[in-house]
Amino acid sequence: MLTRATKSLTLLLFAASTSFAADFGARFDEIRKSASPSELYAFLFALPKGGDLHHHNGHSTYASVWYAAATSPKTLARNSFYTMTQLGNCPGTVDTQPRFITIQRSHYEALDACQKALYQPLASLSAETKAAWLSAFILDKPGEGRDEFFERVVPRMGDLGHDPWLAADALVENMRLFGAEGVRYIEAQAGITAFVDVAGRPMPADDAFRVIEERLRQPDAAATNVTVRFQGVVIRFAPDAEQRLENMYAWVAAHRDRWVGINMAGREDNEKGSALRFLDTYRKMRRTYSDIPLSIHAGEKDSAGHEVRDTLLLGATRIGHGINLITDPDTMLLMRNNRYLVEINLVSNRVLEYVPDTSKHPFPEYLRTGIPVCLNTDDRGSWDSNMTDEYYTAVTTFHLTWKEVVELGRNSLTYSFAEAPLKEKMLVEYDRAVAAFEQKYGSSDWHGAVRQVKPLVSGYATRTWGFR
Ligand SMILES: [Zn+2]
């Protein structure tokens, strides 16, 4: 029981913290307008950010993290990787592989002498070749956009994501980096079919994810303070995508403690992956399975269309990107003040040239007409960006208010597919972190508090805004 004195103290503290929150909007505006660009970046790096609901497991991880993990003594004791450093015309081969495609030892050993000569061990690249390898995984040069990403960066990953031990090490490092910038939850899109063992034999998903689960139980994974859930992702234009979708339903239903939903990804300008192709399959699945939420890429296009409407019809409650939703008034009206969230990816949409000029992005229209949205990083490893870049872009381009910033963070947890007790816990922790943040930066010396932040500046932020 509280004594009278404690009670009044509690009330006093509560009143103080509420008035803080009310006042912080003005302080946030002051910081947004008067902080230097690098101070604002540091401030937004320190901001509690909730979750990242839209990112792809392998391509979310930086090339530098893949490189370090693939060449670590721990990995080399078990497996090793080779990268194609030269193009060549070997007899009997079709020359379609991009330079720097990276494969594991078993696949290297199966090559003929001519092909082998095109590869070098990843662990013994010269400094110059290593720099070229890292750059080959990033859209960092003028003219590199959608085709570079889908046709070259994606294939270059080769076997890196196929080795579950390596994928698990990369995931834990990715969690640590997300945690450093105040992200507490990630809902990574992952596949279940591509894993191989060191001999190159296909690995059943249960065996591969046993390895990953074991890694996630290690103390360094727990120390990241980041909770991971997976969404099973199906590539939509695959000839057998319906069967893969059925397999994914069975997998998610059998692994609900870690797997919380299903997604579909892949270029929407490839007509073979249209949403309505899958309507019958989703309906068939719902005759068997209950409560498997869907978040599906839709409207990641620079042309008008009804992809978002068709994807809601499939049963999705979250839409990845939703860029061309703005061209479909009936669906926009349906989504206002409703329960369907659009996962916004500002940096991705810019670098893949779906919205090259971010000031023309429909995000503020959705945010300010009552369509739930949150910010996400998509394939941030390939953009060399981070969640802070998303917030910095949004705050500086659209003059977000504090209320809007907090709404974005809360939405990223409220609309997550995390199980109810976890979601509740994360929301309580988020509110607590936001209150502590307001207190810290609400003091008269907010400059001093910002100067203490040592942000991990992304390569994207260096190239785009010149931060060091
Ligand atoms: Zn995506």
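Bear in mind the structure is a predicted one, so any value in this text is a computation, not a measurement.

Cut-off values and rules
- Residues numbered from 1 in each chain as written.
- Predicted model: local features only at pLDDT ≥ 70, side-chain atom pairs only at ≥ 80, totals over all residues.
- Heavy atoms only, no water.
- Domains from an automatic or database assignment.
- Buried area = accessible area lost by both parts, 1.4 Å probe.
- Salt bridge = Lys/Arg side-chain N within 4 Å of Asp/Glu carboxyl O.
- Polar contact = N/O pair within 3.5 Å; in protein donor to acceptor, adjacent residues only side chain to side chain.
- Helix = DSSP H or I, 4+ residues; strand = E, 2+ residues; numbered from the N terminus.
- Core = buried A, V, L, I, M, F, W, Y, C linked by side-chain atoms within 4.5 Å.
- Buried < 20%, exposed > 50% of the residue type's maximum accessible area, 1.4 Å probe, protein only.
- Contact = heavy atoms within 4.5 Å.
- Pairing = 2+ DSSP bridges.
- Axes fitted to C-alpha atoms, helices over the stretch in contact; angles between N-to-C directions.
- Donors = N, O, S within 2.8 Å, 3.2 Å for Na, K, Ca; no water.
- Tetrahedral: all angles 85-135°; square planar, octahedral: opposite > 155°, others 65-115°.
- Parallel < 35°, antiparallel > 145°, perpendicular 65-115°, else oblique.
- Left-handed = near helix turned anticlockwise from the far one by under 90°.
- Nonpolar A, V, L, I, M, F, W, Y, C, P; charged D, E, K, R; others polar.
- Phe/Tyr/Trp six-rings, centres within 6.5 Å; stacked < 30°, edge-to-face > 60°.
- Lys NZ or Arg CZ within 6 Å of the ring centre and 35° of its normal.

1. Observations regarding the domain arrangement of the chain
Along its sequence, the chain is organised into domain 1 (46-62 + 163-432) and domain 2 (80-154). Between the C-alpha centres of domain 1 and domain 2 the distance comes to 28 Å. At the boundary of domain 1 with domain 2, total buried surface from both sides reaches about 1500 Å², with 55% on carbon and sulfur atoms. Area buried by domain 1 at its contact with domain 2 is led by R267, L352 and S382, which between them contribute 34% of it. R267 is paired through a salt bridge with E151; the nearest N and O atoms lie 3.0 Å apart. Linking domain 1 with domain 2 are nine residue pairs in polar contact (both at pLDDT 80 or more). Top element by residues in the side of domain 1 that touches domain 2 is helix α18 (residues 380-383). It accounts for three residues.

2. Quick notes on the nonpolar core
Counting 104 residues, the largest nonpolar core has F43, Y282 and F363 as its most contacted members. For Y282, the residues in contact, after removing those within four places along its chain, are L245, Y249, I262, M264, L294, I296 and L314. Core analysis: the second largest hydrophobic core is formed by 19 residues, Y62, A63, L166 and A170 among them.

3. Notes on the sheet that holds strand β9 (residues 318-321)
If you trace the four strands from one edge of the open sheet to the other, you get β8-β9-β10-β11, paired in parallel fashion. Edge positions in the open sheet fall to β8 (295-298) and β11 (373-375), since each of these has one partner strand only. Geometrically, the sheet is characterised by an average inter-axis angle of 30 degrees between neighbouring strands, direction not taken into account. Pairing geometry for strand β10 (residues 341-344) and β11, over three bridges, is parallel. Within β11, the residue paired with I344 across the bridge is L375.

4. Focus on the coordination of the zinc ion
Surrounding the zinc ion are the protein donor atoms H54 (NE2), H56 (NE2), H297 (NE2) and D378 (OD), which sit 2.1 to 2.4 Å from the metal. Classification of the site at the zinc ion rests on its four donor atoms, whose angles at the metal span 86 to 177 degrees, yielding the label irregular. For D378, a relative accessible area of 2% puts it in the buried group.

5. Some thoughts on unusual backbone geometry
In this structure, N225 is a non-glycine residue whose phi angle is positive, near 65 degrees. Tracing the backbone shows N225 in the loop between α11 (219-222) and β6 (227-235). Although it is not a glycine, D378 sits at a positive phi angle of roughly 55 degrees. Residue placement: D378 occurs in the loop between β11 and α18.

6. Remarks on the packing of helix α2 (residues 37-46) against helix α19 (residues 387-398)
Put simply, α2 and α19 touch, their axes get as near as 9 Å, and they point 125 degrees apart. Classed by the angle they form, the pair α2 and α19 counts as oblique. Crossing of α2 against α19: the hand is right-handed. The segment α2 lies against α19, with P37, L40, Y41, L44 and F45 engaging T388, D389, Y391, Y392, V395 and T396. Tallied by class, residues from the contact of α2 with α19 come to eight nonpolar, two polar and one charged.

7. Regarding the packing of aromatic side chains
Each aromatic ring pair is specified by the distance between its two centres and by the angle formed by the two planes. All chains considered together, the criterion is met by 30 aromatic pairs. For the ring pair Y41 and F467, a centre distance of 5.0 Å and an interplane angle of 50 degrees mean the geometry is tilted. A residue pair is termed long-range when its members are at least 10 positions apart, and Y41 in helix α2 and F467 in the segment after α23 (459-465) qualify at 426 residues. The residues Y41 and F467 share a single accessibility class, namely buried. When the centroid spacing of 5.4 Å and the interplanar angle of 65 degrees are considered together, the rings of Y67 and W133 count as edge-to-face. Of this pair, Y67 sits in helix α3 (residues 63-70) while W133 is found in helix α7 (residues 127-136), placing the two residues 66 residues apart along the sequence. Here the two residues Y67 and W133 agree in accessibility, since each one is buried. Counting every residue linked through ring pairs, the aromatic cluster contains F24, F28, F43, W402, F437 and Y441. Sitting above the plane of the Y108 ring, K116 keeps its charged end 5.7 Å from the centroid. Note that R146 overlies the ring of Y354, its terminal NZ or CZ placed 3.9 Å from the centroid.

8. What to know about the pattern of salt bridges
Within this structure, the stated rule accounts for 32 salt bridges. The residue D163 makes a salt bridge to R78 at a minimum N-O spacing of 3.0 Å. With D163 in the loop between α8 (146-156) and α9 (164-180) and R78 in the loop between α4 (73-76) and β2 (81-84), this residue pair connects regions lying 85 residues apart in the sequence. For D163, a relative accessible area of 1% corresponds to the buried category. Residues participating in the shared-partner salt-bridge network are K74, D169, R215 and D220.

9. Looking at the packing of helix α12 (residues 241-254) against helix α13 (residues 279-286)
As a packed pair, α12 and α13 sit with axes 10 Å apart at the nearest point and diverge in direction by 25 degrees. Considered as vectors, α12 and α13 are oriented roughly parallel to each other. Crossing hand, α12 versus α13: right-handed. Side by side, α12 and α13 meet where E242, L245, E246 and Y249 of the first sit next to T281, Y282, K284 and M285 of the second. Looking at the contact of α12 with α13 residue by residue, the classes come out as four nonpolar, one polar and three charged.

10. Looking at the sheet that holds strand β3 (residues 102-104)
Pairing is antiparallel across the open sheet formed by three strands, whose spatial order is β3-β2-β4. Looking at which strands have only one partner, the edges of the open sheet turn out to be β3 and β4 (119-121). Taking the axes of each pair of neighbouring strands and ignoring which way they run, one obtains an average angle of 35 degrees across the sheet. Examined bridge by bridge, β2 and β4 share three bridges and lie antiparallel to one another. Residue M84 lies in a different strand from β4, and its bridge partner there is Y119.

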